[in-house]
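Given next are the chains, with one letter for each unit.
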Amino acid sequence: MLNLLEELEQRAAQELEGVNQVKELESWRVRYLGKKSQLTKLLRSLATLPLEQRKAVGAFANQVKAKLEDGLKQKGQVLRETQLVTTIKEKHIDITLPGRPFPVGRLHPITQTLHEICDIFVSMGFQVMEGPEVEWDYYNFEALNIPKHHPARDMMATLWVDVENESGERTMLLRTHNTSQDVRVMEKMSPPIRVVIPGKVYRYEASDATHTPVFYQIDGLAVDKGITMAELKGTLYEFARRFFGEDRKVRFRCDYFPFVEPGVEMAIECSVCGGAGCRLCGNTGWIEILGAGMTHPQVLRRVGLDPEVYTSFAFGMGIDRLPMLRYGIDDTRLFYGSDLRFLRQF
Amino acid sequence: MKVSLKWLKEYVDVSLPLADLAERLTMAGTEVKGWQVIGGDWENIVVGQIVAINPHPNADRLTLPTIDLGTEKQTVVCGAPNLRLSDKVAFAYVGAQLIDGHTGEVIRLKPAKIRGVVSTGMVCSEKELGISDSHEGIMVLPAEAPVGILLVDYMGDIIFDLDITPNRPDCLSVIGMAREVAALTGQGLHLHEVGYEEAPLPIDHQISVDIVDPDLCPRYCASLITGVKVAASPRWMQQRLLACGMRPINNIVDITNCVMLEYGQPLHAFDYHRIRGKKIIVRRADEGETLVTLDGVKRVLSQDMLVIADPEQAVAIAGVMGGADSEVTQQTTAILLEAANFNPAGIYHTGNTLNLPSEARLRFERGISPELTLPALKRATQLLIQLAGGEAAKGLVDAYPGKLEPEPILLSTGRVKSLLGVEFSPEQIIAVLASLGFDCQPAGSASEVWVTAPYWRSDINLAEDLVEEVARIIGYDKIPATMLSEPVPRQNPQPIIRLKQEARHSLTGYGFQEVITYSLTSLELLNKLLPEPRPLEPAPLRVANPMTADQEYLRPNLRANLLAALSANRRHEEGSIRLFELGRVYLPRPKDLPHEPEVLCGVLTGPRFEESWHGGDESLDFFDAKGVVEGLLSRLGVEASFEPGEDESLHPSKQAAIAIDDNRLGDIGELHPKVLDAFEISGNVYLFEIDLTALLPFTIGHKLFQPIPRFPAIVRDIALVVDSGVAHRRVQDIIGSFSLVSQVTIFDVYSGGQLPPGKKSLAYRITFQSPSHTLTDEEVNKVQQQILSKLSGELGASLRA
């Protein structure tokens, strides 16, 4: 009996050695460990043996069964491993083929720039506010110390809407700057005020590489007790540092706008020549990016604010120029040409 | 404005290097845009004197002048017709850089043999020196030019190109700029004494002035000079005028222009004998009154224009242009010289209406001081006597109805600090203001001072104006940069800004490229949206002064511009195009500003997927557009319905109106074939246009969380047969109305085949779920049966066999 088991074990081990496929392994299992296998039969018939023999044979048979099961498990693992390796090899893909095309949409570079600028000012406590593009003469000019016949009107050639009031005058225009909204904001809100006003502005100007009749501006306004020009400088320098980078030089110089006093023009060092002077900066080394100043006391008084109590600063910056400088774009009309070959680059 | 450095130096010492001076001026408010060096290339060119002129042995038209150059004499060959013995000339040695008189090219002078005579130098014309285009003869220098010195030392100059801000008419003059330079560099200002001898006969015996409209003419001054000789002005004066961009005319006119450039006060010279009645009347023009101006144009005037007139007729448009009739001519022997002050707005209006820009107008419009008339008039009178001969009548006419006393302004150190954020001492402040010619008098306290602006500073009215003076002279770079302090104001963001951002990000996520088009468009483009021509209703807002015809109207929609953009891109772009714009449209409102809603418009066309090795060549269709809109609305948490539409630009049977309740928010559909033709687009195009401003209220609201279902769902598929005309939406609404139904999805639409004609099959997957218990098959069967009988009853639907 024991011999028989020994022989069985040897035969099974030998056959297992030769098994190379999962199917063969299964039939091996049925043959040696299945319900109808010799070993199973033997184990079932143990009860018929005399007690002493039953103990010895039983122990040995169980030992053999364990060995065979162990062998089966190991072989199974080896076979699955081999098969996996084969499958992995067979199922390889050419990862250099392009992916399934998803249409890719992009924001217009002006929108991207506006978002970036607004984020910077919002982080300094400014709130984004928008206002009408078609405006009354009052908000665009009169309230900003630019009465009719003021020479500053020549600096902002105006597109007028073809609507006349009862006295036959044209009083509706396309705003020439977002500063018109400064007045509306001060009429509606009470200090402390910190707002930025992005949006389209319009000029009666022929288009060329540096001019378009419609373009974007962002205006800023801060009103409170104790607002100073030092804070205007701090705010704008911080903006310039974040937008143009740590190392870009910035300049504050005296300039004139009827609605501020003192008035300021801010320029950044020319990105092309690094300040040495080139065609882009008109040989000055500087590129003007915005006008600013302390809000004129008459403007404050007009909206019911006492300039002895409240001070205010305001600034206005053209947007289109910024992506032009950043990306080296040489024609501002490209922004409004809707050409995908241009827009896809941003 | 152009200013000559040489001229400037007559009034102020300039010690700073050029670049530093330019930097200081720019920082302080007068931008130096650049400068031109006159004579920078004049190496080896000196002042010489013609001491002999001999004929050329081989040519009649050439001569051999001998030029004394101080240390030596040179004889050269010359072809100029205007050589005169003892004239001073510019002599170029071999090696000098000149401009070729014939070709205009820059050349270097070489020795030459001309008709057998060697010439090692040249007598130069103005063109050869780059001064002007004159090449008819050599340039003759003034007799006082010192022989032997470099021409650049005698005639060289630097011409600054300055950008003068509109508030500083005083800086539109050499003296004004000299004052700025003096204050900025701490140098002294040298003003010349002006004086001349007068004839015994008083001026008021010879001319009288009557200002009828003093509101338009605060001051009118005049001098009278008789016995003048009209001729060309001296070279130095012509050169100054040319350098400053003005054309020399004759000595009289050139003097008025020269003094205007020097003092900033425009002057006008009348031929005294042409003034009838010896009386000047300053009055408003009669309606329709005409005057032939200096340029020979007959001008029709109106009542809001001011004229200078004699008792019979107008002789000049005040401050804008003189009349031809009283113009100074070669025959003129007596000059009535006018220095007046006119109302800036009046000049602006008149000049603008007549479209006459001029240097005089520029200065009047910006509000020069009436106090400027007399100094300038005296200076011009002096020059007239010097350069045109004659004698001045005794005294001057001075009618000054608009005299205003200067008002002192109280300035405190506190005000300076509160505006600038940095403290300056009273001494610093007073020193700055005094350097600019301001009068400072002590006030009640040590921190305050009474300041009176000098007459030429007509821009100074408030303490804030003085603060700017202090800041710009001390330097804006001395102002510290500090961050805004607390408290940060409360924020009340406009919800539309958030909605626009969300919409933009959604659309780019769906593969749409954002474009921005002009808000101005043309009727022609807008009309392309109409399959049948008709007037646009309501008419879009028109710009009264459009720059071009294609920018004449404010757009009432985005689609016209967007389709034009699509059409333009199609010329070079294959494959699919998805564009969107988010911007305003302008809808007229009676007696008010237009309504400016924010609108989102998208267009899509071409294959659904780019051509690729993955295959798939279906075209985009209506349901791609609808999917985008549904996706966007779903992100915004809005449920809208798609109702049959009536948008005339869209395909009549492939379009829908997007609505919430009864509010129509937009349209979606395939473009009408005629519209596509008009925009020259081939292939189907799908469009949606949504009014975000109208949508906004539906996106705001309180959302409540729905618990995740705790009990399992049972899913059943049913296929229905209905009449072809039954809309899916009606079936879905009926199925969805049962409370145990949590979701209805249509997964197949089929017609033809074994189905009878006029019928279609719709297949739905229905999800049943209860929030309170696990459903049994029996429960679901019961509800499903109810659904089927309701569908059968209301829509005639039957289960597909």
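Everything numeric here is computed off the predicted structure, so don't read it as measured data.

Here we take up the packing of helix H14 (residues 495-509) of chain B against helix H17 (residues 622-635) of chain B. Residue and element names in this part refer to chain B. The interhelical angle for the contact between H14 and H17, taken along N-to-C directions, is 140 degrees, at an axis separation of 10 Å. Judged by the inter-axis angle, H14 sits oblique to H17. Considering the relative orientation of H14 and H17, their crossing is right-handed. Residues Glu502, Ala503, Ser506 and Leu507 of H14 pack against Val628, Leu632 and Arg635 of H17. Taken together, the residues of the contact of H14 with H17 break down into four nonpolar, one polar and two charged.

Right, let's talk about the domain arrangement of chain B for a bit. Residues and elements named next belong to chain B. In terms of domains, chain B is made up of domain 1 (2-39 + 158-185), domain 2 (45-155), domain 3 (198-399), domain 4 (409-477), domain 5 (495-699) and domain 6 (714-799). Using only C-alpha atoms to locate each centre, domain 1 and domain 3 end up separated by 27 Å. Taking both partners together, domain 1 and domain 3 bury about 1,300 Å²; carbon and sulfur atoms supply 60% of that area. Of all residues in domain 1, Trp7, Pro169 and Leu172 give up the largest surface area on contact with domain 3, accounting jointly for 48% of the area buried on that side. The interface formed by domain 1 and domain 3 contains eight residue pairs in polar contact (both at pLDDT 80 or more). The residue makeup of the side of domain 1 that touches domain 3, split by class, is ten nonpolar, two polar and two charged.

Next up on the list: the pattern of salt bridges. Summed over all chains, the structure comprises 67 salt bridges over all chains. For Lys591(B), the salt bridge is made with Glu166(A), and the minimal N-O distance between the two is 3.7 Å. Highlighted residues: Lys591(B) in the loop between strand E34 (587-589) and strand E35 (592-595) and Glu166(A) in the loop between helix H7 (152-155) and strand E3 (172-174), drawn from two different chains. Both residues of the pair, Lys591(B) and Glu166(A), belong to the exposed class. Across the salt bridge formed by Lys478(B) and Asp477(B), the nearest N and O atoms sit 3.9 Å from each other. Overlapping salt bridges, with partners in common, bring together Arg168(B), Asp170(B), Glu180(B), Arg457(B), Asp459(B), Glu469(B) and Arg472(B) in one network.

Turning our attention to the environment of Tyr336(A). Structurally, the position occupied by Tyr336(A) is in the loop between helix H11 (321-327) and helix H12 (340-343). In this structure Tyr336(A) comes out as buried when scored by relative accessible area, which is 7%. For the pair Tyr336(A) and Ile110(A), spaced 226 residues apart in sequence, the C-alpha separation works out to 9.9 Å. Non-local contacts of Tyr336(A), meaning those with residues more than four positions away in its chain, are made with Ile110(A), Thr212(A), Val214(A), Phe215(A), Tyr216(A), Asp320(A), Ile516(B) and Tyr518(B). Of the polar contacts made by the side chain of Tyr336(A), one reaches the side chain of Asp320(A); its length is 2.4 Å.

The strands making up a sheet are joined through hydrogen bonds of the backbone, oriented either antiparallel or parallel. The seven strands lie next to each other as E1-E4-E5-E9-E8-E7-E6 (chain A), forming an open sheet whose pairing is mixed. Pairing within the sheet leaves two strands with one partner each, and these edge strands are strand E1 (127-128) and strand E6 (250-254) of chain A. Across five bridges, the pairing between strand E8 (residues 286-295) of chain A and strand E9 (residues 311-318) of chain A is antiparallel. Residue pairing for E9(A): Leu290(A) is matched across the bridge by Met317(A). Along the sheet, helix H13 (residues 463-474) of chain B makes contact with E6 and strand E7 (260-269) of chain A, crossing E7(A) at roughly 35 degrees.

Reading the values: the criteria
Residues numbered from 1 in each chain as written. Chains lettered and ligands numbered in written order. Predicted model: local features only at pLDDT ≥ 70, side-chain atom pairs only at ≥ 80, totals over all residues. Heavy atoms only, no water. Axes fitted to C-alpha atoms, helices over the stretch in contact; angles between N-to-C directions. Helix = DSSP H or I, 4+ residues; strand = E, 2+ residues; numbered from the N terminus. Parallel < 35°, antiparallel > 145°, perpendicular 65-115°, else oblique. Left-handed = near helix turned anticlockwise from the far one by under 90°. Contact = heavy atoms within 4.5 Å. Nonpolar A, V, L, I, M, F, W, Y, C, P; charged D, E, K, R; others polar. Domains from an automatic or database assignment. Buried area = accessible area lost by both parts, 1.4 Å probe. Polar contact = N/O pair within 3.5 Å; in protein donor to acceptor, adjacent residues only side chain to side chain. Salt bridge = Lys/Arg side-chain N within 4 Å of Asp/Glu carboxyl O. Buried < 20%, exposed > 50% of the residue type's maximum accessible area, 1.4 Å probe, protein only. Pairing = 2+ DSSP bridges.

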